[in-house]
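Spelled out from the first residue to the last, the chains are:
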Amino acid sequence: MTAVLPCDADLLFVETVSTGTVHIAVRYRAHHLTDDDVTEVVAGGSALVALAISPTTTRCGKRTFPQFERDHIKTARFHDDQLCRACYSTLHPDDQERAFEHDVPEHATRAPEEPTR
């Protein structure tokens, strides 16, 4: 079974532009980069460059590059039915409600769906 996410981990939502599917990635806080007397954090270093060109791997295994905003974009506003079911199913039951903590666009901006027959 999947472990519960740490309370300080953030869910990152990444939308596939061509399909509108929203995938979930987990972003962990870098506690080892805290400001203290021993650690000096240098902005713009090689770690930042490596992070910028590294893919974001979603919970379902999709490798995305939302930082380039071409095929995948970071989002915080989407309809619940856009959520990738595979990504959602990888979350621990205690974390699944966090996948729905996002803004929802106005209903008028969404194209009407075909009626089910």
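What counts, and where the lines are drawn
Residues numbered from 1 in each chain as written. Predicted model: local features only at pLDDT ≥ 70, side-chain atom pairs only at ≥ 80, totals over all residues. Heavy atoms only, no water. Core = buried A, V, L, I, M, F, W, Y, C linked by side-chain atoms within 4.5 Å. Buried < 20%, exposed > 50% of the residue type's maximum accessible area, 1.4 Å probe, protein only. Helix = DSSP H or I, 4+ residues; strand = E, 2+ residues; numbered from the N terminus. Contact = heavy atoms within 4.5 Å. Pairing = 2+ DSSP bridges. Axes fitted to C-alpha atoms, helices over the stretch in contact; angles between N-to-C directions. Patch = residues over 30% accessible without salt bridge, like charges linked within 9 Å, V, L, I, M, F, W, Y side chains within 5 Å. Areas by Shrake-Rupley, 256 points an atom, 1.4 Å probe, with all protein chains shown as cover. Salt bridge = Lys/Arg side-chain N within 4 Å of Asp/Glu carboxyl O. pLDDT = per-residue confidence, 0-100. Phe/Tyr/Trp six-rings, centres within 6.5 Å; stacked < 30°, edge-to-face > 60°.

**What to know about the nonpolar core**
Inside soluble globular proteins, nonpolar side chains tend to come together where they are buried. The biggest cluster of nonpolar side chains holds 13 residues, and the ones touching the most others in it are Leu 5, Leu 11, Phe 13, Ile 24 and Leu 83. Here the element with the most residues in this core is strand S2 (residues 22-27); it accounts for three residues. Non-local contacts of Phe 13, meaning those with residues more than four positions away in its chain, are made with Val 22, His 23, Ile 24, Ile 73, Lys 74, Thr 75, Phe 78, Leu 83, Arg 98, Ala 99, Glu 101 and His 102.

**With respect to the sheet that holds strand S5 (residues 72-75)**
Backbone-to-backbone hydrogen bonds join strands into a sheet, with any given pair of strands oriented parallel or antiparallel. Strand order in this open sheet of three strands is S2-S1-S5, and the pairing throughout is antiparallel. The outermost strands of the open sheet, each flanked by one partner alone, are S2 and S5. Each strand axis lies, on average, 35° off the axis of its neighbour in the sheet, ignoring direction. In terms of strand pairing, strand S1 (residues 10-16) meets S2 through six bridges, oriented antiparallel. The residue bridging Leu 11 from the neighbouring strand is Val 26, located in S2.

**Let's talk about the side chain of Glu 15**
Relative to the helices and strands, Glu 15 is located in strand S1. Beyond its immediate sequence surroundings of up to four residues, Glu 15 is in contact with Gly 20, Thr 21, Val 22, Asp 71, His 72, Ile 73, Thr 75 and Gln 82.

**With respect to a nonpolar patch on the surface**
A cluster of nonpolar residues, Ile 53, Phe 65 and Phe 68, forms a patch on the protein surface that exposes about 310 Å² of accessible area. Within the secondary structure, Phe 68 sits in the loop between strand S4 (63-64) and S5.

**Section: the pattern of salt bridges**
A complete count under the given rule lists two salt bridges for this structure. The residue Arg 98 makes a salt bridge to Asp 95 at a minimum N-O spacing of 3.8 Å. This pair shows no difference in class: Arg 98 is buried, exactly as Asp 95 is.

**Quick notes on the confidence of the model for the chain**
Summarising the model, the chain shows a mean pLDDT of 80, and 70% of its residues fall at 70 or more. Taking the mean pLDDT of every element in the chain, the minimum, 63, falls on helix H1 (residues 46-53) and the maximum, 97, on helix H2 (residues 85-89). Confidence drops under pLDDT 50 across residues 108-112; counting only partners more than four residues distant or on other chains, this segment forms three contacts.

**Here's the deal with the packing of aromatic side chains**
Under the definition given, this model contains two aromatic pairs. When the centroid spacing of 5.6 Å and the interplanar angle of 65° are considered together, the rings of Tyr 88 and Phe 100 count as edge-to-face. Taken together, the residues Tyr 88 in helix H2 and Phe 100 in the segment after H2 connect sequence positions twelve residues apart. Given the relative accessible area of 37%, Phe 100 is considered partly exposed.

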